[in-house]
Amino acid sequence: MEAPKLKLNTGRQIPAIGFGTGTSFFNRGDDVQAVILSAYKAGFRSYDGATIYGTEEGLGRGLAGLGEDRTNLYITTKTPDWAWTQESIEEEVRKSLERLQLDYLDLVLLHTPAPRVSLFERLKVDPSKHFIPDAMNEKEMDDARLQAWIGLQNCVAKGLVRDIGVSNFTANHLKKLLANNAAHTVPAVNQVEFNPYLVDTPLYNYCKEKNILVQAFAPLGNGKDLLADPTLNNIAKTHEKTVGQAWQLGIATVTKTEKAERMKENLDYFDFNLSDDEMKDISDLNKDERRFGDPARFP
């Protein structure tokens, strides 16, 4: 079973659910390569990566091994925390293309609204070799985000990338970026942490207003508590689905699992719809509970 597709503001389409290669896959490129065939057989056609995951080469090998027509696959990656100039953005996109063994990318996202310097040591990145703006300096970051965005626009113009977007951006980050005339392309996607325990209504509404698709990572939150939630379990029972299948908020998702049976389960939720009351009940579960850092800490 393949996922249905959602229309982007560019007119192109993206599969409603993607297979993620981050979090527990960090620096496990060989494991990513090994699991891609299972994901493909389960029905996944969209694969989500990032430079900082350290898995692009493994993903590239896995995709090459499928022997599938490139036009039937949808590949996303994200720029690293050390690329904030037009030139460095294009350089990193070209490196990603090489690692992924691709001629173009369907979607590239600015991975973060500011550099997460705490990652540099873990990723063995020497910040002195890159232009790293001050993450807490609003003026410096506003300019850096604009330059990085222009860099992605240039990548589209050069045919390296089809669509561009952002990740972990708040409504405030988006508003400031789009206030610049040089940012002539509205992001197609904003990939953020989003689940029934973390429903950012102002962000969702702003993205809807601007026709930016919200794509959720960590769609099951911390897993254990959310999967045991009585409201979600009652809704799941009504529709004869698992809790993991039972919430729909009109957004795309990126999910990750290494178990073949879970891959199939993750795709088997497009044959039913929730009522308005059920949707409200799910939205009312919001606790502003984050597993990852709050991007609003960055001005």
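Residues numbered from 1 in each chain as written. Predicted model: local features only at pLDDT ≥ 70, side-chain atom pairs only at ≥ 80, totals over all residues. Heavy atoms only, no water.

> Now, about the overall build of the protein: what can you tell me, with residues and values included?
Looking only at helices and strands, the protein has 11 helices and 10 strands in total. Against the globule reference of 19 Å for 299 residues, the protein gives a C-alpha radius of gyration of 19 Å, in line with a compact fold. Projected onto its principal axes, the C-alpha coordinates of the protein cover approximately 55 × 40 × 40 Å. For the protein, restricting intrachain contacts to residue pairs at least 6 apart in sequence, the fraction spanning at least 24 positions comes to 77%. Of the charged side chains in the protein, 36 are positive and 43 negative, and the gap between their average positions amounts to 2 Å. (Helix = DSSP H or I, 4+ residues; strand = E, 2+ residues; numbered from the N terminus. Rg over C-alpha atoms; globule rule 2.2 N^0.38 Å. Contact = heavy atoms within 4.5 Å. Lys, Arg positive; Asp, Glu negative; His and termini not counted. Charge placed at Lys NZ, Arg CZ, Asp CG, Glu CD.)

> Summarise the sheet that holds strand β4 (residues 46–48); cite the residues concerned and give the values.
Around the barrel, which closes on itself, the eight strands sit in the order β3-β4-β5-β6-β7-β8-β9-β10 with parallel pairing between neighbours. Between one strand axis and the next, the sheet turns through 30° on average, direction left out of account. Strand direction decides the pairing type here: strand β6 (residues 105–110) and strand β7 (residues 161–167), joined by five bridges, are parallel. Of the residues in β7, the one forming a bridge with Leu105 is Val161. (Pairing = 2+ DSSP bridges. Axes fitted to C-alpha atoms, helices over the stretch in contact; angles between N-to-C directions.)

> Please give an account of the pairing of strand β3 (residues 17–20) that cites residues and values.
Taking every second residue as pointing to the same face, both faces of β3 are buried, with Ile17 and Phe19 on one and Gly18 and Gly20 on the other. Here three bridges tie β3 to strand β10 (residues 252–255), and the two strands are oriented parallel to one another. Within β10, the position partnered with Gly18 by the bridge is Val254. Summarising the sheet, β3 and β4 pair through two bridges and their orientation is parallel. Considered in β4, the bridge of Phe19 is made with Tyr47. (Buried < 20%, exposed > 50% of the residue type's maximum accessible area, 1.4 Å probe, protein only.)

> Summarise the pattern of salt bridges; cite the residues concerned and give the values.
Counted under the stated rule, the structure contains 16 salt bridges. With its nearest N and O atoms 2.8 Å apart, the salt bridge here joins Asp30 to Arg61. Of this pair, Asp30 sits in helix α1 (residues 29–42) while Arg61 sits in helix α2 (residues 56–66), placing them 31 residues apart in sequence. Residue Asp30 is classed as exposed on the basis of its relative accessible area of 57%. When its relative accessible area of 31% is taken as the criterion, Arg61 is described as partly exposed. (Salt bridge = Lys/Arg side-chain N within 4 Å of Asp/Glu carboxyl O.)

> Explain the packing of aromatic side chains to me, and be specific about the residues and the numbers.
What describes a pair of aromatic rings is the distance from one ring centre to the other and the angle between the planes of the rings. Under the definition given, this model contains six aromatic pairs. With 6.4 Å between their ring centres and 65° between their planes, Phe19 and Tyr47 make a pair best called edge-to-face. Of this pair, Phe19 sits in strand β3 while Tyr47 sits in strand β4; the two residues are 28 residues apart in sequence, bridging distant segments of the chain. Take Phe19: its relative accessible area is 0%, and that puts it in the buried class. For the ring pair Phe217 and Phe292, a centre distance of 5.4 Å and an interplane angle of 80° mean the geometry is edge-to-face. Taken together, the residues span a long stretch of sequence, with Phe217 in strand β9 (residues 213–217) and Phe292 in the segment after α11 (276–283) at a distance of 75 residues. On the accessibility criterion, Phe217 (15% relative accessible area) is buried. Given the relative accessible area of 33%, Phe292 is considered partly exposed. Here a set of aromatic residues connected by ring pairs shows up, and it is made of Phe19, Phe25, Phe44 and Tyr47. (Phe/Tyr/Trp six-rings, centres within 6.5 Å; stacked < 30°, edge-to-face > 60°.)

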